[in-house]
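Survey of secondary and tertiary structure
Each chain, written out:
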Amino acid sequence: MSIKKRPKKSQDPLWLRLLPIASVVLFLAIWEAVVRLRGIAPIILPAPSAIADYLALMIADGSLPFHLGVTFLRIMAGFLVAGFFGILLGVLMGMSRIVSRLLDPWIAALYPLPKISLIPLLIIWLGTGEAYILTISAISAFFPVVISTYAGIRQADQGLLRAARDLGANERQVQLKVVIPAAVPSIFSGLHLGMGVTIILVVAAEMIGASSQSGMGYLLIRYGQVLETEKVFAALLVLAVFGGVIIKAQERIDRWIAPWAIGHR
Amino acid sequence: MDIFVENLVQIWDDGGDGITALDGITHHFASAKLTCLLGPSGCGKSTLTQIVGGIEQATSGTIRIIDPANPATPARPGERSVMMWQNLNLFPWRNVIDNVAFGLEMAGVPRAQRYAHARDMIASVGLKHFEEKRCSQLSGGMRQRVALARALVMDQPILLMDEPFAALDAQTKIVMQEELTRIFERMRKTILFVTHAIDEAILLGDEVVVMTARPGRIKEVIKIDLPRPRSQELINTPEFGDLYDRILHLIREEVLNAMQQQNEAAAQ
Ligand SMILES: Nc1ncnc2c1ncn2[C@@H]1O[C@H](COP(=O)(O)OP(=O)(O)OP(=O)(O)O)[C@@H](O)[C@H]1O
Ligand SMILES: [Mg+2]
């Protein structure tokens, strides 16, 4: 009888652990060398060193932090709205046949629709302000969340429900203490999908039509139009790192809220 | 608690003619005795246990659950029993103590009280200091103990155990069998114990009910009059050997029948 241990990363040999870093460094070195040796114009493909200079500049003058912060707030707003309504409706659908029958046709019809195609309509209805960005991102993230939540509730392990009833739980307790917790892994995976979609849609909305002139999407489009390719790369780099950080943070939060759910998905 | 099962029939709906899982089971499971149910796979052992436990509803037949001290008011199936499941059905989002305290929590027992109670039970199955662990962090044998504690904490006079030790390795199984013997001798509950293993049935049971292949009927009831307390050493005695041979003979016939059924079903 012993406690199960997870294999630790540190058991890998050193060279194996350094391989990811080596891969990136090597790639950057080749890129730098090619640009310099062949004299490629910075407008087409700037060297990594040049991108790094511009990146430092954009951080120092406060433009990157500002636009990144704005994008972050929009993502959080869209994600929270979608997460709240997605989980709420998913749970209601899972628990009430009436609600699921009422909502099923709408979800079936709207889920496959590429949400980005709603942008023209939303601009007509909501204008090009914050409401438009929030709506498009929240709508897109809502669907994966509601569908995963609903599936998680419906697919709750019947054995656990029977065990709970055998231990004296009434139907309300079964729902609250068994069905909903059992759906948590599935809800988490819905929230992960939702977060990915929110990031995409917020940046896309900032690129297409938003009047606020702020956010990473806006930055990318503006620098692209004036052919400041170094800044485009710098913004892309930041966006990629930012997305990675958000996903990692979300995993941390999952692990903190429900450590048992890890590996259950 | 005496359990009188009379003419119990269970026909599962399979979209067609139905599957007859139990075909007229009549038996008296004696109060404060440990009865083992033995039979080939699919003969309806789980079905019978679940009907006795009020988890499933029988197609026809009656179950009377009677306290010998108070025979005037019979209990409903499930009212005075608790199940220990073959696959345990522990709640993975609850740590050990919250799994064990689940039933008390549902009954509205205040936190301090139910924890005190659960802690005692956890200690008595040998899991002291594991209260805060998640179930996924425990070994198979330890999880088994959690499930046992979760059932015992309900303090019900009837304990239904559906192949609780089937998934354990041989050593852990022996330890758990001894544990159960100890608990049974101390608490004197009425226990229905489903098993595939003949030695386990003889070692634990006051009585072994051998069932036929599907549709499940009672083939024979064998009294085990070996003295208690029992231990593993019993396995080497001639009495044990005789009982083993007798039951093996009964079971072999039924297992062959069950295999033939399966072959015929596969051929169709
Ligand atoms: N809920 C159910 N719905 C339909 N058929 C069922 C159901 N539960 C059991 N059965 C069928 O009833 C028969 C008896 O099943 P049961 O699980 O009681 O057998 P068992 O003796 O416990 O078998 P095993 O030793 O494999 O656990 C089987 O043919 C099974 O397929
Ligand atoms: Mg079974």
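So, how was this worked out
- Residues numbered from 1 in each chain as written.
- Chains lettered and ligands numbered in written order.
- Predicted model: local features only at pLDDT ≥ 70, side-chain atom pairs only at ≥ 80, totals over all residues.
- Heavy atoms only, no water.
- Helix = DSSP H or I, 4+ residues; strand = E, 2+ residues; numbered from the N terminus.
- Rg over C-alpha atoms; globule rule 2.2 N^0.38 Å.
- Buried < 20%, exposed > 50% of the residue type's maximum accessible area, 1.4 Å probe, protein only.
- Contact = heavy atoms within 4.5 Å.
- Phe/Tyr/Trp six-rings, centres within 6.5 Å; stacked < 30°, edge-to-face > 60°.
- Lys NZ or Arg CZ within 6 Å of the ring centre and 35° of its normal.
- Patch = residues over 30% accessible without salt bridge, like charges linked within 9 Å, V, L, I, M, F, W, Y side chains within 5 Å.
- Areas by Shrake-Rupley, 256 points an atom, 1.4 Å probe, with all protein chains shown as cover.
- Salt bridge = Lys/Arg side-chain N within 4 Å of Asp/Glu carboxyl O.
- Pairing = 2+ DSSP bridges.
- pLDDT = per-residue confidence, 0-100.
- Axes fitted to C-alpha atoms, helices over the stretch in contact; angles between N-to-C directions.
- Parallel < 35°, antiparallel > 145°, perpendicular 65-115°, else oblique.
- Left-handed = near helix turned anticlockwise from the far one by under 90°.
- Nonpolar A, V, L, I, M, F, W, Y, C, P; charged D, E, K, R; others polar.

What follows is about the overall build of chain B. What chain B contains, in helices and strands, is 8 helices and 9 strands. Taking 268 residues into account, the globule formula puts the C-alpha radius of gyration at 18 Å, and chain B, at 19 Å, falls close to it. Principal axes of the C-alpha set define a box for chain B whose edges measure 55 × 45 × 45 Å. For chain B, the proportion of its 268 residues judged to be buried stands at 51%. When contacts within chain B are restricted to residue pairs at least 6 apart in sequence, those whose partners lie at least 24 apart make up 71%.

Throughout the structure, instances matching the rule amount to 10 aromatic pairs over all chains. Geometrically, the ring pair formed by Y111(A) and F143(A) is tilted, given 6.4 Å between the ring centres and 35° between the ring planes. With Y111(A) in the loop between α4 (97-110) and α5 (119-126) and F143(A) in helix α6 (residues 130-154), this pair connects stretches of sequence that are 32 residues apart. You can call Y111(A) partly exposed: its relative accessible area is 41%. Through a chain of ring-to-ring contacts, the aromatic side chains of W260(A), F91(B), W93(B) and F102(B) assemble into a single cluster. A cation sits over an aromatic face here: K115(A) above F143(A), 4.9 Å from the ring centre. Seen from the ring of Y150(A), R154(A) lies directly overhead, with NZ or CZ sitting 4.3 Å from the centre.

For the rest of this paragraph, the subject is a nonpolar patch on the surface. All names here are of chain A. Among the surface-exposed residues, V81, F84, F85, L88, L92 and L134 lie close enough to one another that they form a single nonpolar patch of about 510 Å² accessible area. Looking at the nonpolar patch element by element, the count peaks at 5 residues for helix α3 (residues 63-95). For L88, the location among the structural elements is in helix α3. With a relative accessible area of 40%, L88 lands in the partly exposed category.

Now for the pairing of strand β3 (residues 34-38) of chain B. All names here are of chain B. Taken across its 5 residues, β3 has 5 buried, putting it largely inside the fold. Judged by which residues are buried, β3 turns out to be covered on both faces: L34, C36 and L38 on one side and T35 and L37 on the other are all buried. The pairing of β3 with strand β7 (residues 190-195) spans 5 bridges and is parallel. When the sheet's bridge partners are listed, L37 is paired in β7 with V194. Here 4 bridges tie β3 to strand β8 (residues 207-211), and the two strands are oriented parallel to one another. Residue pairing for β8: L38 is matched across the bridge by V210.

Moving on, we come to the confidence of the model for chain B. Here chain B shows a mean pLDDT of 92. Residues at 70 or above account for 100%. Interface confidence for the predicted complex, given as ipTM, is 0.90, next to a pTM of 0.85.

The step from R214(B) to P215(B) runs through a cis peptide bond, and the omega angle for that step is 0°. Within the fold, P215(B) resides in the loop between β8 and β9 (218-223). The linkage connecting R228(B) with the following residue, P229(B), adopts the cis geometry, with an omega of 0°. Within the secondary structure, P229(B) is located in the loop between β9 and α8 (238-267). With phi around 55°, L227(A) is a residue other than glycine that occupies positive phi space. Along the polypeptide, L227(A) turns up in the loop between α9 (216-225) and α10 (229-257). Residue L227(A) is classed as partly exposed on the basis of its relative accessible area, which comes to 48%. The phi dihedral of E163(B) is positive, around 45°, even though this residue is not glycine. Checked against the element boundaries, E163(B) lands in the loop between β6 (158-162) and α6 (170-187). A relative accessible area of 9% means that E163(B) is categorised as buried.

Our next topic: the sheet that holds strand β2 (residues 19-29) of chain B. Residue and element names in this part refer to chain B. Pairing in this open sheet of 3 strands is antiparallel, and the strands run β2-β1-β4 from one edge to the other. In the strand order of this sheet, the two ends are held by β2 and β4 (60-66), each with one partner. The mean inter-strand angle of the sheet, taken between neighbouring strand axes irrespective of direction, is 15°. Pairing analysis gives 6 bridges linking strand β1 (residues 2-12) to β4, with the strands arranged antiparallel.

We now examine the packing of helix α7 (residues 158-166) of chain A against helix α8 (residues 171-207) of chain A. Working note: a packed helix pair is described by the angle between its axes plus the distance between those axes. Residues and elements named next belong to chain A. Packing of α7 against α8 leaves a shortest axis separation of 10 Å and a crossing angle of 130°. The orientation of α7 with respect to α8, classified from their angle, is oblique. With respect to the hand of their crossing, α7 and α8 are arranged in right-handed fashion. Here L160, L161, A164 and R165 of α7 come into contact with α8, specifically with E171, V174, V178 and V179. Class assignment of the residues belonging to the contact of α7 with α8 gives a composition of 6 nonpolar, no polar and 2 charged.

It is worth spelling out the pattern of salt bridges at this point. Applying the stated criterion across every chain yields a total of 21 salt bridges over all chains. We note a salt bridge from R217(B) to D23(B), for which the minimum N-O separation is 2.8 Å. One end of the pair, R217(B), is in the loop between β8 and β9; the other, D23(B), is in strand β2, and 194 residues separate them in sequence. With relative accessibility at 27%, the residue D23(B) sits in the partly exposed group. For the salt bridge of R76(B) with E79(B), the shortest nitrogen-to-oxygen distance reads 3.6 Å. R76(B) gets classed as exposed once you look at its relative accessible area, which sits at 57%. Three or more residues are tied together by salt bridges with common partners; here these are K177(A), R94(B), E105(B) and R114(B).

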